[in-house]
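Read off the chains here:
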2 protein chains.
Amino acid sequence: MELGFIRIHILHHTAIEPVYGSEFQAELKRHGYEIAFGTLYPIFHRLEKDGYISSKKENVKGKIRKYYNITEAGIAILKQANVKANELVAELNEND
Amino acid sequence: MELGFIRIHILHHTAIEPVYGSEFQAELKRHGYEIAFGTLYPIFHRLEKDGYISSKKENVKGKIRKYYNITEAGIAILKQANVKANELVAELNEND
DNA sequence: TGATATAATATCGATACATGATATAGCTTC
DNA sequence: GAAGCTATATCATGTATCGATATTATATCA
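Being a predicted model, the structure only gives us computed values, none of them experimental.

Draft legend 1. Looking closely at the relation of the copies chain A and chain B. Note on the copies: chain A fits chain B at an RMSD of 0.0 Å, the axial shift is 0.1 Å, and the rotation between them is 179°. Taken together, these values place the two copies in the relation of a two-fold axis. The rotation axis passes nearest to the C-alpha of Gly4 of chain A in chain A, at a distance of 3.2 Å. Most of the interface of chain A is mirrored in chain B: 100% of its interface residues are interface residues there too.

In structure tokens form, the structure reads like this:
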């Protein structure tokens, strides 16, 4: 799978702590990425279906949250994406 | 426009030297990105239509090449993308 | 000359992904 | 038990990507 900025952010974040959709949308916004729920939730579903993250439902004051954590497979492609991102940045900063 | 890795590579490269499609596909492949002509050419067209690159046809041994160069507007969004890419990489390398 | 080869760009129909709007779920509180 | 709240899910439409096929403009060579 070819990972874009959003998916890399998701995998990176789920590697640090459990993440749920609604809060994560706000987090992305703080970083300057506006993403619709209609985009974000299907991305989570797809990443889970492909085995890169796993979910656990939790009941917080009557609101169900679905916390996602990265899996081993997720860590693996995140590393690849990390390499690609570093290469890109190195190249961009080369000819300044 | 939200720029992904491919578009950033295109803008960066056209900022350095004139670029044409077929050769650039090979260049991307060297960097580990496989992109179909059916994807690449429409991306060039769209970037040109939006004013981020401009083209000039050139006849090389009977084969027409369309060389693209970045425009002022292209330089501007490339800078923005550069900032985003640097932020991403900084974050990725934070918690190692 | 004119048939064939070549390198490149362009386009097409099918599939996949993103979007904004709307619906659903599960508790709490009054 | 109705209303409110937070969160997730889904839907119809629009946009992007793909692999395959068509088109273009010359060069080469019989």
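So, next bit.
Draft legend 2. View of the protein's contact with DNA strand D. Taken together, 21 residues lie around DNA strand D, and Ser22, Tyr41, His45 and Lys66 of chain A together with Thr39 of chain B are the ones closest in. Protein-proximal atoms of DNA strand D, defined as those within 4 Å of the protein, fall in sugar or phosphate at a share of 77%. One of the side-chain N or O atoms of Arg7 of chain B is found 3.3 Å from a phosphate oxygen in DNA strand D. The contact in question runs from a base nitrogen of DNA strand D to an N or O atom on the backbone of Gly62 of chain B, over 3.0 Å. Among the elements of the structure, α2 (21-30), α3 (37-49) and β2 (63-70) of chain A together with α3 (37-49) of chain B are those that each provide at least two residues to the surface near DNA strand D. In the surface near DNA strand D, the residues fall into 7 nonpolar, 8 polar and 6 charged.

What counts and how
- Residues numbered from 1 in each chain as written.
- Chains lettered and ligands numbered in written order.
- Predicted model: local features only at pLDDT ≥ 70, side-chain atom pairs only at ≥ 80, totals over all residues.
- Heavy atoms only, no water.
- Least-squares fit on C-alpha atoms with pLDDT ≥ 70 in both.
- Contact = heavy atoms within 4.5 Å.
- Near = heavy atom within 4 Å.
- Polar contact = N/O pair within 3.5 Å; in protein donor to acceptor, adjacent residues only side chain to side chain.
- Helix = DSSP H or I, 4+ residues; strand = E, 2+ residues; numbered from the N terminus.
- Nonpolar A, V, L, I, M, F, W, Y, C, P; charged D, E, K, R; others polar.

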